[in-house]
Amino acid sequence: MASSYEVPIFYPTLNDMHSSFEAYISSIQGEISKYGICRIIPPKEWKPQKVRHTDFYVPKPIKQHATGRRGLFRTLLVEGKPMSVEKEFAPFATAPENQPYSSDDLSKVEREFWKKVTYDPPTYCADVPGTLFGKCKGWNISCLDTLLSRTLESHNIEIPGVNSAYLYFGMWRSLFAWHTEDADLYSVNFIHFGAPKCWYAIAPKDRKRFEILVQGMLPELWRACPQFLRHKEIMISPAILHQNGIEVVKTIQNSGEFIVTYPGSYHSGFNCGYNCAESTNFATEEWIPIGRKALCCTCNPDSVRIDMSIFDESRKRKVVYARKNVDRKDKSGTTFPESRRKKMKLRRKK
């Protein structure tokens, strides 16, 4: 299949991992914005405290039926019977018949996936509330301290999966279709254990061209809902996108690694085998103008909507706080705290 460009990979220090996640992302977001996605590999010394693995009950596992051909597919998501991850899903997902032929060669795994998109529908245990992170500070997806979580919490707003963590238990060929995040937020994904994920992304600069292309491919869906890509139903192979002049970047996320998607970046992918990932959304100051322009699906009453005015209130409070605490400068331009300024005035009087 057509080659795809690799994404940037970052290697934070142990100090970075124990410090502000938001600050680290802000320091690299210029590079992320060029590609729409990045991969982050923590240092080997980073050992996140994890809760003891307990069995998770999945009330609505999803069967992913796909129809289509020649690299363009539409998925139909059918809810299955409730199941236990440990007792039912894991044995099913790890059965020999549910594995790729060449699990050691990921390029062959990728080719096999696109040949078998419409084969027996895989099961995906997605959007499972919960976390496997313990009470570790810093880069803990279950309690990321970012602009989004602080602002929503200050207004007593909780949006499951947006400012709280979801777990995803995948199997070979279970997929996530092309989409952007709710409100065009950032997303972060971490694989706790198991097989890799294959990710595709489109840089924000190519977003409009991608949307126009897909609208032309599926005009009936576009007429029914201009935001139909938010339904997370459409899979298009990178080969088809390359043929139509859309650049696609690709990366393989391994266990113990993070993936961050940039606001407004379309992304998709699939699982290479049984695994468990944890994900949530977040925001930095730079997201606010992007969030203001974000549209939502109007045909789904459960679509996520965020009142952007609450971020204006947060900014105003921040400005007021900063003005109250601003320090005056002496003639040389050096800033001194209030206590030191008083001492300097006394010395000058003498």
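Nothing here was measured: the structure is a model prediction, and the numbers come from that model.

**Q** Just give me the short version of the sheet that holds strand E5 (residues 62–69), but keep the residues and values in it.
**A** Taken in spatial order, the ten strands of this open sheet run E2-E3-E15-E11-E17-E9-E8-E5-E6-E13, and their pairing is mixed. A strand with exactly one partner marks an edge of an open sheet, and here the two such strands are strand E2 (9–10) and strand E13 (234–236). Pairing between strand E6 (residues 72–79) and E13: three bridges, direction antiparallel. Paired with Phe73 across the two strands is Met235, which belongs to E13. On the sheet, helix H2 (residues 21–35) packs against E2, strand E3 (37–40), strand E11 (186–194), strand E15 (258–261) and strand E17 (275–282) and is oriented at approximately 130° with respect to E3.

**Q** Lay out the state of the cysteines with the relevant residues and their values.
**A** In this structure the tally under the stated criterion is zero disulfides. We note that Cys297 lacks a disulfide partner, and the nearest cysteine sulfur, in Cys299, lies 3.2 Å from it.

**Q** Any details on the environment of Ile288? Residues and values, ideally.
**A** Topologically, Ile288 is positioned in helix H9 (residues 288–293). It is 9.2 Å that separates the C-alpha atoms of Ile288 and Asp312, two residues lying 24 residues apart in sequence.

**Q** So what's going on with the packing of aromatic side chains? Which residues, and what values?
**A** All told, the structure shown has 24 aromatic pairs when counted by the stated rule. Arranged with centres 4.6 Å apart and planes meeting at 15°, the rings of Tyr186 and Phe282 form a pair that is stacked. Placement of the pair is Tyr186 in strand E11 and Phe282 in strand E17, with a sequence separation of 96 residues. Residue Tyr186 shares its accessibility class with Phe282, and that shared class is buried. Arranged with centres 4.6 Å apart and planes meeting at 45°, the rings of Phe190 and Phe258 form a pair that is tilted. Within this pair, whereas Phe190 is found in strand E11, its partner Phe258 is found in strand E15, the two being separated by 68 residues in sequence. Relative accessible area serves as the criterion here: at 2%, Phe190 is assigned to the buried category. For Phe258, a relative accessible area of 1% gives the class buried. Members of the aromatic cluster, joined through ring pairs, are Phe21, Tyr24, Trp46, Phe133, Trp139, Tyr186, Phe190, Phe258, Tyr262 and Phe282.

Thresholds, definitions, all that
- Residues numbered from 1 in each chain as written.
- Predicted model: local features only at pLDDT ≥ 70, side-chain atom pairs only at ≥ 80, totals over all residues.
- Heavy atoms only, no water.
- Pairing = 2+ DSSP bridges.
- Helix = DSSP H or I, 4+ residues; strand = E, 2+ residues; numbered from the N terminus.
- Contact = heavy atoms within 4.5 Å.
- Axes fitted to C-alpha atoms, helices over the stretch in contact; angles between N-to-C directions.
- Disulfide = S-S within 2.5 Å.
- Phe/Tyr/Trp six-rings, centres within 6.5 Å; stacked < 30°, edge-to-face > 60°.
- Buried < 20%, exposed > 50% of the residue type's maximum accessible area, 1.4 Å probe, protein only.

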